[in-house]
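Each chain, letter by letter, is given below.
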Amino acid sequence: MIYLHKILPLIASLLFLIVFLIILGITLKSKKISLLGVVILIFCSLPIIANKLTSYLEKDYTPQDASIIDKAGAIVVLSGMLKTIKVDDKLKYEFNGRVDRILSGIDLFINKKASLLILTKGQTPWYVGIPEGEYLKDFAIRLGVPEESILLTENVQNTDQEAKSVKKLLNQNNKIILVTSAFHMLRAKKVFEAYNIEVIPFAVDFTNFHRKLTFMDFIPSAAAFSKTSFVVREIMGRLYYNLKY
């Protein structure tokens, strides 16, 4: 099932659409169809478009201070912030750009916003190494969180499984502070609430930053296309869970 969840967005991705249009145009000897594919490619590769779309994903949330957040029964940090690196015959781990998730979770705990810190053991079939939550648990302990205050979910592969597994760990207090990236928060909140979990959102890892507009924003780039493609994929995820719940 996890492969289906990952493959379907690829089939409906911008890249697939563009390649399909160009090949279709060549096959039908229609310059208009091929040109449409090229136009979509250029449009979606503009930084100004990519930034606007990213801003749309994150518009419902703003950075917050841990000290002003209401208290809850648990702080839940969603996985997706580690990368595995092979050095000789050993595996090492480094954080990617979403490290704010675990740092903010620890900060909330230190500010006594909950007595429990729940980490999810994200592990897709192609993931190599220990489940992410196990590494994050050791990391949190090193930064001062007592081991007895940390709970790990079972191995999970997507947001839906994360919510279901967290539900099993909660006691009578179903109120949590949910920590995840701003672009992902709206979808994650909906999924957790579908399991009758009261959610206080704590969005982090904002990717759309404020800066001056320059001519570079109107020059197509691979980075901008990747960003736009990511936005489209997240919107598809939101549509899927809106239909499911």
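This text goes with the structure placed above it.
All of the points below concern the structure found in this document.

The rules behind each value
- Residues numbered from 1 in each chain as written.
- Predicted model: local features only at pLDDT ≥ 70, side-chain atom pairs only at ≥ 80, totals over all residues.
- Heavy atoms only, no water.
- Helix = DSSP H or I, 4+ residues; strand = E, 2+ residues; numbered from the N terminus.
- Buried < 20%, exposed > 50% of the residue type's maximum accessible area, 1.4 Å probe, protein only.
- Contact = heavy atoms within 4.5 Å.
- Areas by Shrake-Rupley, 256 points an atom, 1.4 Å probe, with all protein chains shown as cover.
- Lys, Arg positive; Asp, Glu negative; His and termini not counted.
- Charge placed at Lys NZ, Arg CZ, Asp CG, Glu CD.
- Salt bridge = Lys/Arg side-chain N within 4 Å of Asp/Glu carboxyl O.
- 1 Å grid on protein atoms, 1.4 Å probe; cavity = no way out; pocket = protein on both sides within 12 Å on 5 of 7 lines; lining within 4 Å.
- Points joined across faces, edges and corners; volume = space filled by probe spheres on them.
- Nonpolar A, V, L, I, M, F, W, Y, C, P; charged D, E, K, R; others polar.

## Thoughts on the overall build of the protein
Logical step 1: Along the protein, the regular secondary structure elements total nine helices and seven strands.
Logical step 2: Each principal axis of the C-alpha atoms in the protein carries an extent, and together these give about 65 × 40 × 40 Å.
Logical step 3: Put simply, the protein has 245 residues, and 43% of those count as buried.
Logical step 4: If you take every contact in the protein between residues at least 6 apart in sequence, the share linking residues at least 24 apart comes to 71%.
Logical step 5: Of the roughly 13,700 Å² of accessible surface on the protein, a fraction of 61% belongs to carbon and sulfur atoms.
Logical step 6: Charged side chains of the protein number 31 positive and 22 negative; the gap between the two group centres comes to 8 Å.

## Section: the pattern of salt bridges
If the charged atoms of two oppositely charged side chains come close together, the side chains can form a pair.
Logical step 1: Within this structure, the stated rule accounts for nine salt bridges.
Logical step 2: The partner of K59 in a salt bridge is D60, with the nearest N and O atoms 3.3 Å apart.
Logical step 3: Judged by relative accessible area, D60 falls into the partly exposed class, the value being 40%.
Logical step 4: One salt bridge in this structure joins E154 and K168, with 3.3 Å as the shortest N-O distance. Taken as a pair, E154 in strand β5 (residues 150-156) and K168 in helix α7 (residues 159-169) lie far apart in primary sequence, 14 residues in all.
Logical step 5: One salt-bridge network, held together by shared partners, links R187, E234 and R238.

## Digging into the layout of surface pockets
Logical step 1: In this structure, the second largest pocket spans a volume of roughly 250 Å³.
Logical step 2: If you go around the second largest pocket, you meet 13 residues; those closest to its centre are N51, N208, F209, R211 and D217.
Logical step 3: For the lining of the second largest pocket, the element with the highest residue contribution is helix α4 (residues 47-58), accounting for four residues.
Logical step 4: Looking at the lining of the second largest pocket residue by residue, the classes come out as three nonpolar, five polar and five charged.

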